[in-house]
Structures are given as C-alpha cells and as structure tokens.
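# Fold and geometry: a report
Below, each chain spelled out in residue letters.
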Amino acid sequence: MPGRRVVFLGPPGAGKGTQAKRVVDALGLLHLSTGDLLRDEVARKTALGAEAKGAMDRGELVPDKLILDMIRGRFASATKGFLLDGFPRTVAQAEALEEITELDEVVSIDLSREEVVRRLTSRRVCRACGAIYNLTFNLSADGAKCAACGGELYQRDDDRPAVIENRFDVYESSTAPLIAFYRKRGLLHSVNGELGSDKVFAEIMRILTAA
Ligand code: AP5
Ligand code: MG
C-alpha cells in the first residue's frame, strides 16, 4: 500500500481529531477515527451503536472484538495511506492491527490531565460536518453555529467532568502501554500537545514528511 500508514496516540482531548483533519487534508490519507465511527453508529441507532453506547457514556473502552469487527474492512479503501485516530487503544488491538497491516509512524500527542479537563469541558463539535471547536478560542461569532457549514454545535455526552476524569484514567491504564509497545518497534514519535494547534501541526508534518 503506498502512502503513509500512521497512528495517533494520546489522551482524550490531546488534539488527535483536530490534527487528523489537517494532516489527512495535507497528505491525502484516509482518516479512520473509531470514536467518530462509534458515534455515527449510536446516532443511527444501529445494534452496534446500542452495544457501544453504555461504555462510551461511562468513558470506558468498547470491547476489542466489536472495535476490530468495525474497523477491519476499512483499510481496503486506503489506497493513499491512512491515519488511525483513537485506534489501537489496547495492546490486544495493537497486536490485531499488526496482523492487518504494517505501520510507518506512530505519533503520540502528549497532554497533562489538567489541560485535558480544561479543553474537553469547553469543546463543541459540529453535528453536520464534525468540525471541532473550543469555547475559549475558535467559536464563530454567535457561538452556536459551525463557521464552516452553519451546522448546529453540540457538546459530546462524554465531555462531562466525571467522565473526562475516567477517560483519562482508562487512557493511562489501557492505552499508555502502547507508547512502550511502539517505541520497542522503532515507530514512536512524541509531540508536545500543550503547544498551539499550528505548532503541533508543523511538528507532526515534519515527522511525517521526513524521509
Ligand atoms: P474518541 O472519540 O476517540 O475520544 P478520545 O480519545 O477520548 O479523544 P477525543 O476525541 O475526546 O479528543 P481528541 O484527542 O480528538 O481532541 P480534539 O482534537 O477533539 O473515543 C470516544 C469513546 O469511544 C471512548 O471513550 C471509547 O468508549 C470509545 N472508543 C473509541 N475508540 C475505541 C477503541 N479503539 N477501543 C475501545 N473503545 C473505543 O481536541 C479537544 C479540544 O481541544 C477541542 O475543543 C479543540 O478545539 C481543542 N484543541 C485541540 N488542539 C488544541 C491546541 N493545540 N491548543 C488548544 N486547544 C486545542
Ligand atoms: Mg477525537
């Protein structure tokens, strides 16, 4: 498969979705966000969505098998490469991914718990196009409509303080071990997610376009 095969790691709110949108536009990659795919299943009231919703609302992980069944068939259309956002999230998922495809780069976007809570309590998302906003810096003039498409902005069900804390705990116990997993394979790059969005983007592009 030509193109870059990229994974974004990082705690909730680190900026994975924000940077993924910019990077896939710049490099022509397929963006695969398991969180976005799951929220779409929930919105369409599918059986998969019904099975996943409870865990998502509590900030727990959805079972590995359900995630793997959902994502496995999607790589075929990634002819120019892909960017995985929010997957893999457990060692079992990472091992299963190794059976599906090789990877070129894993980028871990790092952010402190305090900044995660601050960013996620003030996040808003466009229901129509998925654009990501924050009340503190990039809302459109009236603060209720998407600046890109005019769609309604909403707050995710899992962006409540208690759930955010649990998501961070789950990240530390289940997903952070993937940092060592990918470092061992020589694929890991770390980026300081505390920087402004443009600086984080520039650093990720430097990593992904290096020979
Ligand atoms: P998912 O949707 O993947 O959520 P997450 O990992 O918790 O990450 P977020 O989407 O909350 O944050 P983000 O890093 O994308 O940050 P964003 O760019 O929006 O998963 C949701 C749930 O689905 C999970 O809890 C689980 O239940 C389930 N799930 C999904 N995948 C799974 C899997 N593989 N296995 C099992 N279960 C799974 O930015 C956040 C905010 O910060 C925004 O307001 C943004 O404007 C702002 N911001 C971004 N960058 C900057 C910056 N540099 N400076 C200042 N503000 C910034
Ligand atoms: Mg996201």
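Scroll up a little and you will see the structure.
Residues numbered from 1 in each chain as written. Chains lettered and ligands numbered in written order. Predicted model: local features only at pLDDT ≥ 70, side-chain atom pairs only at ≥ 80, totals over all residues. Heavy atoms only, no water.

### As for the side chain of S122
So the rule is basically this: A run of H or I in DSSP becomes a helix once it reaches four residues, and a run of E becomes a strand once it reaches two; helices and strands are each numbered from the N terminus. Definition of a polar contact: a pair of N or O atoms within 3.5 Å, with one able to donate and the other able to accept a hydrogen when the atoms are protein atoms, and with sequence-neighbouring residues admitted only if both atoms are side-chain atoms. The contact rule is simple, with two residues in contact once any of their heavy atoms fall within 4.5 Å.
When you line up the elements, S122 lands in the loop between α6 (113-121) and β5 (123-126). Within the structure, the side chain of S122 is placed 2.9 Å from the backbone oxygen of R118, a separation counted as a polar contact. Excluding its chain neighbours within four sequence positions, the residues that come into contact with S122 are Y133, N134, L135 and T136.

### Considerations on the sheet that holds strand β1 (residues 4-9)
Spelled out, the test is: One bridge is not enough; two strands pair if DSSP finds at least two bridges between them. Note on geometry: axes are lines fitted to C-alpha atoms, helical ones only across the stretch in contact, with angles between N-to-C directions running from 0 to 180 degrees.
With respect to topology, 5 strands assemble into an open sheet ordered β2-β3-β1-β4-β8, the strand pairing being parallel. Looking at strand neighbours, the two that pair on one side only are β2 (30-33) and β8 (188-192), the edges of this open sheet. In this sheet, adjacent strand axes meet at a mean angle of 20° when their direction is disregarded. In the sheet, β1 pairs with strand β3 (residues 81-85) via 5 bridges, with the strands oriented parallel.

### Some details on the packing of aromatic side chains
Cut-off, in case you're wondering: To pair, rings of Phe, Tyr and Trp, with the six-membered ring standing in for Trp, must have centres within 6.5 Å; the planes then decide the type, stacked if under 30 degrees apart, edge-to-face if over 60, and tilted in the middle. When accessible area is computed with a 1.4 Å probe and restricted to protein chains, residues below 20% of their type maximum are described as buried, those above 50% as exposed, and intermediate ones as partly exposed. Here, a charge over a ring means that NZ of Lys or CZ of Arg falls within 6 Å of the ring centre while also lying within 35 degrees of the ring normal.
Under the criterion given, the structure shown has 3 aromatic pairs. Consider the rings of F168 and Y171, whose centres lie 6.2 Å apart with planes at 55°: the pair is tilted. You can see F168 and its partner Y171 sitting in helix α7 (residues 161-175), 3 residues apart, about one turn around the helix. No difference in accessibility class separates F168 from Y171, as the two residues are buried. With a centroid separation of 5.0 Å and an interplanar angle of 85°, the aromatic rings of F181 and Y182 are classed as edge-to-face. Side by side, F181 and Y182 carry an identical accessibility label, which is buried. The side chain of R127 reaches across the aromatic face of Y154, ending 4.3 Å from its centre. When the ring centre of F181 is taken as reference, the NZ or CZ atom of R185 above it lies at 3.7 Å.

### Considering the pattern of salt bridges
Quick note on the threshold: In what follows, salt bridge is the name for a side-chain nitrogen of Lys or Arg lying within 4 Å of a carboxyl oxygen of Asp or Glu.
For the structure on display, the rule yields 21 salt bridges. Notably, a salt bridge pairs D198 with R22, separated by 3.0 Å at the nearest N-O pair. Note that D198 is positioned in helix α9 (residues 197-209) and R22 in helix α1 (residues 16-27), a separation of 176 residues in sequence. On the basis of relative accessible area, D198 is assigned to the exposed category, the value being 56%.

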